Amino acid sequence: MLSFRRSFSNDSDLVSSSSSEAMASDYSATPVNIGNLNPKVLECEYAVRGEIVALAQKLQQELKDKPGSLPFDEILYCNIGNPQSLGQQPITFFREILALCDHPAILDKSETQGLFSADSIERACQILDQIPGRATGAYSHSQGIKGLRDTIAAGIEARDGFPADPNDIFLTDGASPGVHMMMQLLIRSKNDGILCPIPQYPLYSASIALHGGTLVPYFLDEATGWGLEISEVKKQLDDARSKGIDVRALVVINPGNPTGQVLAESNQKEIVSFCKKEGLVLLADEVYQENIYVPDKQFHSFKKVSRSMGYYGECGKRGGYMEITGFSPDIKDQIYKVASVNLCSNISGQILASLIMSPPKVGDESYESYSAEKDTILSSLGGRAKTLEDALNGLEGVTCNRAEGAMYLFPRIQLPSKAIEAAKKANSAPDAFYARRLLNATGIVVVPGSGFGQVPGTWHFRCTILPQEDKIPAIVSRLTKFHQAFMDEFRD
């Protein structure tokens, strides 16, 4: 039985049921089984919320039901970019505006002037005037509220120094719907390929599988700090084409996820030229553009290069945007049609996307507090990244490139042959075997590198830098103790 409900109740609620037998414990007679499911769904995998996380949630419940039953007292989630779940505080300016927009009646109360900053009140009033019915619970234009797209376009222009057209911008529930939208547009059959970096964020492999395409891997060079070599991309492109694959697009993630590298502008120019020469759509994932931690690297957008939601941690608000450039009007019409199927993205996320692209300016009442909060978060993330990087590089058989940006480290582990053999007997990838043992011994949750892709014969795991500073020493000490014991147990 499947029930589809809206966030309100009316006669258009949908209920689908196979039969009353479907509710019984014997599922043999049900019309849906593993054998007749869409094979694309079975092929799709998403390691970030996969087997290791499911085990972590089970252990967390065990700690709650039976305190003291495990060799640790808490689960330390280092598996996903979810800052506020790990204690990061939201930006005050953003939350004040969201509160005022969600409950505009408080704008008329005398106490509001003392509780909210003047520029938050002014901005909330401006935004409400742009929303149909001044209600955040209403549907909007399928591309997003026009006034908010205007604000984002102005922010892009200020960032890049080139004009941005609000009609080229689609506001989305985070980055994922934009990726799925483009895969729907580009993938016609298994013969259509998408070039993706390896390691890659599993959203790409999952969405390509769901839409029935072929992932064409190109390997980042770990020895050069996860460098993107055009010669490697060209090699993989030619190999795919020789097998009859029509390669449609190139995915580039900058800053890297899970690898944390920041591309040099000269490298980006090579990538843009390559896509133009080979007739490829460039899909630029620039989610972590604000998260840069090293002084010798700077973020440059691919749009800026082609013409010459990041540290905020509001991932649960599902706000993001996709800018479409270089497409003909008839193709944009098709993208709009696909966006219209979902009606619109959530309004709170749309508001946040506009605020991120238009934060307080010098002279605004909230500017100093906003800048202080932002700088504190980024400085702390940079410090945590360095502490964890140093700790990982101090472990036997572990090497870890520096985190130049984003929120992740992707260390390589040289596992003993006995550990690899034990993993094989357990019907597990060696890095998943390591991650499971780590979780059971310490409560630390990481994601096996096999979920992101890696050079065959190498093993990694992804670890976020997001646990708060007071948790980092416990992570380092638990990981160090576990790793030494693991290596001793399986030493060749």
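Residues numbered from 1 in each chain as written. Predicted model: local features only at pLDDT ≥ 70, side-chain atom pairs only at ≥ 80, totals over all residues. Heavy atoms only, no water.

K.L.:
Could you clarify how one ought to interpret the overall build of the protein in this entry?
P.N.:
Scanning the protein from N- to C-terminus turns up 17 helices and 15 strands. Accessible area of the protein: about 23200 Å², with a carbon and sulfur share of 52%. (Helix = DSSP H or I, 4+ residues; strand = E, 2+ residues; numbered from the N terminus. Areas by Shrake-Rupley, 256 points an atom, 1.4 Å probe, with all protein chains shown as cover.)

K.L.:
I tried to follow the sheet that holds strand 11 (residues 408–409) on my own but got confused; where do I start?
P.N.:
Sheet strands pair by backbone hydrogen bonding; their relative direction is either parallel or antiparallel. Spatial strand order, 11-15-14: three strands in an open sheet with antiparallel pairing. Every other strand in the sheet has two partners, leaving strand 11 and strand 14 (447–448) as the edge strands with one partner each. (Pairing = 2+ DSSP bridges.)

K.L.:
Just checking my understanding: could you explain the nonpolar core for this structure?
P.N.:
As a rule of thumb, nonpolar side chains are buried together in soluble globular proteins. Counting residues in each nonpolar core, the largest one holds 82 residues, and the members touching the most others are Ile-75, Ile-351 and Phe-486. Apart from residues no more than four positions distant in its own chain, Ile-75 is found in contact with Ala-56, Leu-59, Gln-60, Leu-63, Leu-439, Gly-443 and Val-445. Counting residues in hydrophobic clusters, the runner-up holds 24 residues, among them Leu-220, Trp-226, Leu-228 and Leu-250. (Core = buried A, V, L, I, M, F, W, Y, C linked by side-chain atoms within 4.5 Å. Buried < 20%, exposed > 50% of the residue type's maximum accessible area, 1.4 Å probe, protein only. Contact = heavy atoms within 4.5 Å.)

K.L.:
Which parts of the structure should I look at to understand the pattern of salt bridges?
P.N.:
Two side chains carrying opposite charge are able to pair once their charged atoms lie near each other. On inspection of all chains with the given rule, the structure shows 21 salt bridges. Among the ionic pairs, Glu-396 bridges to Arg-491, the shortest N-O distance being 2.6 Å. A residue pair is termed long-range when its members are at least 10 positions apart, and Glu-396 in the loop between helix 14 (367–393) and strand 10 (398–399) and Arg-491 in the segment after helix 17 (472–490) qualify at 95 residues. For Glu-396, a relative accessible area of 33% puts it in the partly exposed group. Through salt bridges with shared partners, a single network forms among Lys-234, Asp-238, Arg-241 and Glu-278. (Salt bridge = Lys/Arg side-chain N within 4 Å of Asp/Glu carboxyl O.)

K.L.:
Would you mind going over a nonpolar patch on the surface with me for this structure?
P.N.:
There is a patch of nonpolar side chains on the surface, built from Val-32, Ile-34, Leu-37 and Leu-42 and spanning about 360 Å² of accessible area. Relative accessible area serves as the criterion here: at 59%, Ile-34 is assigned to the exposed category. (Patch = residues over 30% accessible without salt bridge, like charges linked within 9 Å, V, L, I, M, F, W, Y side chains within 5 Å.)

K.L.:
Please explain the environment of Ser-142 as it appears in this structure.
P.N.:
Within the element layout of this structure, Ser-142 appears in the loop between helix 5 (118–130) and helix 6 (146–160). Taking the C-alpha atoms as reference points, Ser-142 and Phe-170, 28 residues apart in sequence, are found 7.9 Å from one another. Apart from residues no more than four positions distant in its own chain, Ser-142 is found in contact with Tyr-336, Ala-339, Ser-340, Leu-343 and Cys-344. One polar contact links the side chain of Ser-142 to the main-chain carbonyl oxygen of Leu-343, over a distance of 2.7 Å. (Polar contact = N/O pair within 3.5 Å; in protein donor to acceptor, adjacent residues only side chain to side chain.)

K.L.:
What is the right way to read helix 2 (residues 51–65) from this model?
P.N.:
Every α-helix carries 3.6 residues per turn, so stepping three or four residues along brings you back to the same face. End to end, helix 2 covers 21 Å across 15 residues, agreeing with the expected 21 Å (1.5 Å per residue, within 8%). Burial in helix 2 covers these residues: Ile-52, Val-53, Ala-56, Leu-59 and Leu-63. For helix 2, the angular spread of the buried residues around the axis is 115°, confining them to a single face. The exposed set on the far side of helix 2, more than 90 degrees from its buried face, consists of Lys-58, Lys-64 and Asp-65. (Expected span 1.5 Å × (residues − 1). Arc of directions from axis to C-beta.)

K.L.:
Any chance you could explain the packing of aromatic side chains here in plain terms?
P.N.:
The geometry of an aromatic ring pair is captured by two quantities: the separation of the ring centres and the angle between the planes. The final tally for this structure, using the stated rule, is twelve aromatic pairs. Ring centres of Tyr-434 and Phe-486 lie 5.0 Å apart, and the angle between their planes is 80°; this geometry places the pair in the edge-to-face category. Of this pair, Tyr-434 sits in helix 16 (residues 430–442) while Phe-486 sits in helix 17, placing them 52 residues apart in sequence. Taken individually, Tyr-434 and Phe-486 each receive the classification buried, so the pair is uniform in this respect. An aromatic cluster of at least three residues, connected via ring pairs, comprises Phe-433, Tyr-434, Phe-461, Phe-482, Phe-486 and Phe-490. Taking NZ or CZ as reference, Arg-462 lies 3.9 Å from the ring centre of Tyr-408, over its face. (Phe/Tyr/Trp six-rings, centres within 6.5 Å; stacked < 30°, edge-to-face > 60°. Lys NZ or Arg CZ within 6 Å of the ring centre and 35° of its normal.)

K.L.:
Looking at this structure, I do not really get the sheet that holds strand 8 (residues 281–285). What am I missing?
P.N.:
If you trace the four strands from one edge of the open sheet to the other, you get 6-5-7-8, paired in parallel fashion. The open sheet terminates on both sides in strands that have one partner only, identified here as strand 6 (214–219) and strand 8. Each adjacent strand pair in this sheet contributes to an overall mean axis angle of 25°, direction not counted. Pairing of strand 7 (residues 246–253) with strand 8, which is carried by five bridges, proceeds in the parallel orientation. Opposite Val-251, over in strand 8, you have Leu-283 as the bridge partner. Sitting on the sheet, helix 9 (residues 230–242) touches strand 5 (192–198), strand 6 and strand 7, and the angle it makes with strand 6 is about 150°. (Axes fitted to C-alpha atoms, helices over the stretch in contact; angles between N-to-C directions.)

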